[in-house]
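An overview of the molecular structure
Each chain, written out:
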2 protein chains.
Amino acid sequence: MKVGIIGVGTVGASVANILRDNKDIITARAGCEIEPAIGVVNNLNKKRDVTIELTDDLEKVLNDDSIDVIVELMGGIERPYEIIKKALANGKAVVTANKALLAYHRYELQDLAGDTPFEYEASVAGGIPIINALRDGLTANNILSIRGIMNGTCNYMLTKMINEGIDYDTILKEAQELGYAEADPTFDVGGFDAAHKLLILGSIAYGIDVKPEDILIEGIQNISSEDIDFAKEFNYSIKLLTIAKKVDNEIELRVHPSLIPNHEMISKVDGVMNGVSVIGDKVGETMYYGAGAGGDATASAVIANIIDIARRGKGAPMLGFETPHGKNLKLMPKENIRTKYYLRLRVEDKAGVLAKIATILGSKNISIEKMIQKPLNRTCAHILLSTHTSTEKDVIEALKTIEEAGVVTGKTAMIRIED
Amino acid sequence: MKVGIIGVGTVGASVANILRDNKDIITARAGCEIEPAIGVVNNLNKKRDVTIELTDDLEKVLNDDSIDVIVELMGGIERPYEIIKKALANGKAVVTANKALLAYHRYELQDLAGDTPFEYEASVAGGIPIINALRDGLTANNILSIRGIMNGTCNYMLTKMINEGIDYDTILKEAQELGYAEADPTFDVGGFDAAHKLLILGSIAYGIDVKPEDILIEGIQNISSEDIDFAKEFNYSIKLLTIAKKVDNEIELRVHPSLIPNHEMISKVDGVMNGVSVIGDKVGETMYYGAGAGGDATASAVIANIIDIARRGKGAPMLGFETPHGKNLKLMPKENIRTKYYLRLRVEDKAGVLAKIATILGSKNISIEKMIQKPLNRTCAHILLSTHTSTEKDVIEALKTIEEAGVVTGKTAMIRIED
C-alpha cells in the first residue's frame, strides 16, 4: 500500500520515519507493506529529516494511480478541504490530523467519502486512541458526558500555575520558549483548538452538527493567582475542560476553564498530557490518557489509521497480527527478571544483624536504596528496605542465604518495586 | 443480525437487556438491528431478569442457521472451547468474555476462526476498550511495556488496606460480603485471573504464546500492615500489577503485588476500578481506565464486539453512525447551561457589601456553597465564593446587577465548577 504525505513538517516527517523504522511490526499487523511513497512540500529547498522522495507537484500525487492513501498534514481549512475532495474523487483513502478542517467540514466530508475510508484519529488528543474508543469501543452506550483535557499548552500552563504558583504571563512566556505555545498563543489559550476537538467528539457521541461559532468557548487568559489559591484551598484543580453532555434532548457543548474536585481521575491529568473522560450509560466512566501532541505521538495515530485502512474488508486480525510475529521472541526466564525489590526481614534486635544482612546482599550485587528499622517487641525488630535494580535470581539466593545463616527469625517478605 | 447468548447470568442478562434498551443508538451505529434472539441456560426454572426467549437446547441454537453470532458467557475452559469450535464450524461469528479459555486456547481459536469474526474485548478489563486500543489504536508502535491493574477484587482490597489501614483478613471478609470477592477467593487474590488477562494482552502486543503455568504469578495474600506502612512512608502505592515488558528479544510476563511511586498515573487507579498503562516506542505512555467488572460494563464490551461484527467488510462509519442519528437532538443554548460557579468579586472592604451581593445572588436563585473573603489592601477585599448548581443566564444577570449596583470595584471573575 502506497502512501502520499501532503505536508512534511514535524508530524509528516514522523509518519514517514516511523513507517520506515517500525516497518516489520507494521507489516505484520497490517498484513501488507505500507510504503511512504512520496511527500508533498511547498519548498523543496528546506532541509527535512526524512529519507522519502519529496515533490512540490501536488496534482501529480493526487492523480497518481499507484498512491492508495493520502495523508493530509498541511493545516488550514479550505485548501486541505479542496485537496481532500480531489483525493476522494480519485478514489484515494484519506487520513488527516486536521481538527480545524473537521470542525467545519466533517459532515460534508462524510458525505463525500461515502464508502472510501476517511480517518482522523490524530485530530483529537494526539496519540490517544480516543476516536477509536468512542466510535468502536463504547458503541453499546448512550454517552452521558465527555470531559476532555485536550490542549497540552493550557494544561501545562495551568499545572505550573497551580503547582508552582507561577503567574499567567510568566508561564506563557516559558511555554513559548519551550515550544509548547505559539508566538500568538490565542488559538490554544483562547480555547479554540480544544473546541475543534470537542466538536469532533460531539459528532461521534451524538451525531450533532454544529460549528465552533455556535458554542461557548472561553480561554484561560483571565485565571489569576487568587483563583488558583481558592482552588487549592477547596481541593480543586483548574483545567481547560471541553464538555459534551446530554441533558434530555439537548446537548451541551462548551469549552472553558473549570474547577474539578481533586478526587476525580481527570483532575490528575497534569502538564502537557491530555486526558478524556467518557461516561456511558452502561459502562460508567472510562478515561483515556496520553500525549496530546508531538510528532511521533501524533504520527502513531495517523499510522494506526493507515493500518486500519489496510485491514478494511476483513477487520483487525483476532490476535492483532496478520502474519506471524513474535517467533524470535521468547519468554524471559523468571530468575532473570530485573527490577527493584522491597524486603521486610524479621530479625533479633541486636548488634551486627544489619551488617550481616548488608554483607549477604552485597555479595549478590544487591545494593540498598532506602532502609528503616522498626522494633517489633523487646527482642525483635523489622528491617524494611528497598534495593536498587537487582536480578530476581540474586535476590532469591540472598534471601535463602540470609535464612540459612539464621539472621532472620521469620519468613522474609518481598515485594517488587516498579518505577 | 441475530445473536444467541450461551449463559444468561449477570453479564448475559445485561447483554440481552442493553440490546433491548439501547436499541435505537445501537442500530444507528451498527447499520442494522441486532436482535438478542435466544439465550441458552442449564436451568430453565431459575428466574432471570430478561425478556428474551430461553432454551436449554444448546445444540439447536448452534445449528440454527438464523443465528449469526454466538456470545459465549458460560465460563470454564474445555466445554466453551468445544462449543465455540462447533459455532465456528457452523460459520457463526463468536464473541466471548472468557479469559480463562483464551489464556489456554487463543492460538488454536485464532486458527479455527480463520476469516470468521472472533472477538473478546470483555475478556480483559471489563468495559475498558483496551483490546481495541492495543490491537487497533497503537499499531504503529513497538510496545515497550504494559502495566495493568486488572483485578478489581485485589485493587479494592489493597486500596482499603492502604487508605484505611484495614488488615488483609478483615478486608477480604468485607469484599466477600459486598460480592467483590468469591467464597473461595484464590482465583482473584492469587493473581490467576489477572494472569489470564495478561496473557491475552501479551499476545496482542508481542505475538507470544505462553500458558499461565509458564509465568511468574504471585498473589496479594502476604501483604502485611508493615508493608503498607513502608509504602506510605516512601510515597508508594501497592497494586497487583500485571506486567508485560520487552527486553531485547525476551518478553517478561509477570503478575505480582508491586510498589508503584505515587506520581505515576497508574498508581492513582483505586478501588474496584481497572487501569492499563501501555508504553509504545512512538506514542509514549497512554493509559486506559474504567470499570473492570460488573454486568453492564462487561456487556458494553461484548456488544461493542457484536456491532464491530455487524460493520465487518466496511469498517466503522466515519462519524460513528451508519444511519443518521441526532436529528432530534439540538444544541443547548449557552444561557441554559446549569452548573456550579466560582466567583471572585473585588469589593470595598466595608460593612453591608457582602449582604448586598448575597441578596442579589439570592434574587436570581443562586445560593452560595462556600465563601472566603481576603483583604487586598486597606480599602479593598476579594470575595471568593462557590455556588450550588445555578443557571448560566441567572449568573450572568446577577453579575451585571452587582456591577450596575456599584458593589464591585473591578471586573468579577467567574469559573465554572464541574463535579
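As the structure is a prediction and not an experimental result, all values here were calculated from the model.

Here we take up helix H11 (residues 225-233) of chain A. All names here are of chain A. For H11, the complete set of buried residues consists of Asp227, Ile228, Phe230 and Ala231. The arc that holds the buried residues of H11, viewed along the axis, is 160 degrees, so those residues lie on one side. Just downstream of H11, asparagine 235 is the residue with a positive phi angle, here 60 degrees.

All names here are of chain A. Pairing is parallel in the open sheet, where 6 strands are placed in the order E3-E2-E1-E4-E5-E6. Since the sheet does not close on itself, it has two edges, and those belong to strand E3 (53-55) and strand E6 (118-119), each with one partner. Here strand E1 (residues 2-6) pairs with strand E4 (residues 69-72) via 4 bridges, running parallel. Bridging from a neighbouring strand, valine 3 pairs with valine 69 of E4.

What follows covers the packing of aromatic side chains. Inspection of the entire model under this criterion finds 9 aromatic pairs over all chains. With a centroid separation of 4.5 Å and 40 degrees between ring planes, the pair formed by phenylalanine 230 of chain A and tyrosine 342 of chain B is classed as tilted. Of this pair, phenylalanine 230 of chain A sits in helix H11 while tyrosine 342 of chain B sits in strand E14 (residues 338-348), which puts the two residues in different chains. Here tyrosine 342 of chain B falls in the buried class, since its relative accessible area comes to 0%. By the ring-pair criterion, three or more aromatic residues cluster together here, those being Phe230 and Phe234 of chain A together with Tyr342 of chain B.

With that out of the way, let us pick up the nonpolar core. Counting 173 residues, the largest nonpolar core has Phe118 of chain A together with Phe118 of chain B as its most contacted members. Look past the residues within four positions of phenylalanine 118 of chain A in its chain and what remains in contact with it is Ile84, Leu88, Val94, Thr96, Leu102, Leu109 and Ala113 of chain A together with Met318 of chain B. Core analysis: the next-biggest nonpolar cluster, separate from the first, contains 34 residues, Leu19, Val50, Ala93 and Ile306 of chain B among them.

Bringing empty space enclosed by the protein into the picture now. All chains considered together, the criterion is met by 3 cavities of 30 Å³ or more. Within the residue set of the lining of the largest cavity, elements represented by two or more residues are helix H6 (130-137) and helix H12 (295-310) of chain A together with helix H6 (130-137) of chain B. Top contributing element to the lining of the largest cavity by residue count: H6 of chain A, with 4 residues. Residues of the lining of the largest cavity, tallied by class, amount to 4 nonpolar, 7 polar and 15 charged. When its volume is computed, the second largest cavity comes out at roughly 130 Å³.

Here the focus is the sheet that holds strand E2 (residues 35-40) of chain B. Residue and element names in this part refer to chain B. One open sheet holds the 6 strands; their spatial order is E3-E2-E1-E4-E5-E6, and the pairing between them is parallel. Because the sheet does not close on itself, it has two edges, and the strands there are strand E3 (53-55) and strand E6 (118-119). Of the strand pairs in this sheet, E2 and E3 are connected by 3 bridges, and their pairing is parallel. Residue pairing for E3: glycine 39 is matched across the bridge by leucine 54. Packing of helix H4 (residues 78-89) onto the sheet brings it into contact with strand E4 (69-72), strand E5 (93-96) and E6, and relative to E5 it is tilted by some 155 degrees.

How big an interface is tends to be reported as the loss of accessible area on association of its parts. Listed as interface residues are 129 residues of chain A and, on the opposing side, 129 residues of chain B. With both chains or domains summed, chain A and chain B bury close to 10900 Å², and 58% of this area falls on carbon and sulfur atoms. If you sort the residues of chain A by the area they bury against chain B, Met318, Leu319 and Glu418 of chain A come out on top, with a joint share of 8%. Counting the contacts that link chain A with chain B gives 14 salt bridges. Our enumeration of links across chain A and chain B arrives at 51 residue pairs in polar contact (both at pLDDT 80 or more). Per-element accounting of the side of chain A that touches chain B gives the leading share, 11 residues, to strand E10 (residues 250-261) of chain A. When grouped by side-chain class, the residues that make up the side of chain A that touches chain B number 64 nonpolar, 27 polar and 38 charged. Looking at chain direction, E10 of chain A and strand E13 (residues 330-331) of chain B are connected through 2 bridges and run parallel.

What follows concerns the pattern of salt bridges. Residue and element names in this part refer to chain B. Under the definition given, this model contains 60 salt bridges over all chains. The shortest N-O distance in the salt bridge between glutamate 164 and lysine 160 comes to 3.3 Å. Separated by 4 residues within a single helix, glutamate 164 and lysine 160 lie in helix H7 (residues 152-164), roughly one turn from each other. Residue classification places glutamate 164 among the partly exposed residues on the basis of a relative accessible area of 49%. Between glutamate 369 and lysine 340 there is a salt bridge, with the nearest N and O atoms lying 3.4 Å from each other. In this pair, glutamate 369 sits in strand E15 (residues 368-375) while lysine 340 sits in strand E14, placing the two residues 29 residues apart along the sequence.

For the rest of this paragraph, the subject is the UniProt feature "binding site: NADP(+)" (unreviewed entry) in chain A. Residues and elements named next belong to chain A. With numbering matched to this structure, UniProt assigns "binding site: NADP(+)" (unreviewed entry) to Ile6, Gly7, Val8, Gly9, Thr10, Val11, Gly12 and Ala13. With respect to the secondary-structure elements, isoleucine 6 resides in strand E1. Among all residues touching isoleucine 6, those that are not within four sequence positions of it are Val40, Leu58, Val61, Ile70, Val71, Glu72, Leu73 and Met74. Counting through the fold element by element, valine 8 comes out in the loop between E1 and helix H1 (10-21). Residue classification places valine 8 among the buried residues on the basis of a relative accessible area of 5%. Each residue touching valine 8, except ones within four places of it in the same chain, is listed here: Ala13, Gly39, Val40, Val41, Arg48, Val50 and Leu54.

Our focus in this paragraph is the pairing of strand E9 (residues 236-247) of chain A. All names here are of chain A. With 9 of 12 residues buried, E9 lies mostly within the body of the structure. Across 4 bridges, strand E7 (residues 143-149) lies against E9 in antiparallel orientation. Within the sheet, the bridge partner assigned to isoleucine 146 lies in E9 and is alanine 244. As paired strands, E9 and E10 are joined by 12 bridges and run antiparallel to one another. By the bridge assignment for E10, lysine 246 is matched with isoleucine 251. Between E9 and E10, which pair antiparallel in sequence order, lie 2 residues; one of them, aspartate 248, sits at a positive phi of approximately 55 degrees.

Reading the values: rules and limits
Starting afresh in each chain, residues are numbered from 1 along the sequence in its written order. The order in which chains are written sets their letters, starting at A; the order in which ligands are written sets their numbers, starting at 1. Per-residue local features of the predicted model are confined to residues with pLDDT of at least 70, and side-chain atom pairs are confined, for both listing and counting, to 80 or more; whole-chain, interface and lining totals are unaffected and use all residues. Where side-chain values are given, they derive from all heavy atoms of the structure, hydrogens and water being excluded. Under the scheme applied here, a residue whose accessible area is under 20% of the maximum for its type counts as buried, over 50% as exposed, and between as partly exposed, the area being computed with a 1.4 Å probe on protein chains only. Each helix is a run of H or I in the DSSP string that is no shorter than four residues. Each strand is a run of E no shorter than two, and both are numbered from the N terminus. Starting at the helix axis, one direction is taken to each C-beta atom, and the arc is that of these directions. In short, DSSP must find at least two bridges between two strands for them to pair. Any pair of Phe, Tyr and Trp rings, taking the six-membered ring for Trp, is counted once the centres come within 6.5 Å. Such a pair is stacked with planes under 30 degrees apart, edge-to-face with planes over 60 apart, and tilted for the rest. Buried residues of nine kinds, namely Ala, Val, Leu, Ile, Met, Phe, Trp, Tyr and Cys, make up a nonpolar core once their side-chain atoms join them within 4.5 Å. Whether two residues are in contact is decided by their heavy atoms, any of which lying within 4.5 Å being enough. Grid spacing is 1 Å over the protein atoms alone, the probe is 1.4 Å, and a cavity is where that probe fits but cannot get out, while a pocket is an open set with protein on both sides within 12 Å along at least five of seven lines and lining residues have an atom within 4 Å of a point. Grid points are joined across faces, edges and corners, and a volume is the space filled by probe spheres set on the points. Side-chain classes are defined by residue name, with Ala, Val, Leu, Ile, Met, Phe, Trp, Tyr, Cys and Pro counting as nonpolar, Asp, Glu, Lys and Arg as charged, and the others, Gly among them, as polar. Fitted lines through C-alpha atoms serve as axes, helices being fitted only where they are in contact, and the angles separating the N-to-C directions of these axes extend from 0 to 180 degrees. Defined here as a combined quantity, buried area equals the accessible surface (1.4 Å probe) lost by two parts on assembly, summed across both. Here, a salt bridge means any Lys or Arg side-chain nitrogen found within 4 Å of an Asp or Glu carboxyl oxygen. Two N or O atoms form a polar contact when they lie within 3.5 Å of each other; inside protein one atom must be a possible hydrogen donor and the other a possible acceptor, and for residues adjacent in sequence the pair counts only when both atoms belong to side chains. UniProt positions are given in the numbering used here, feature names are shortened, and annotations may be inferred rather than shown by experiment.

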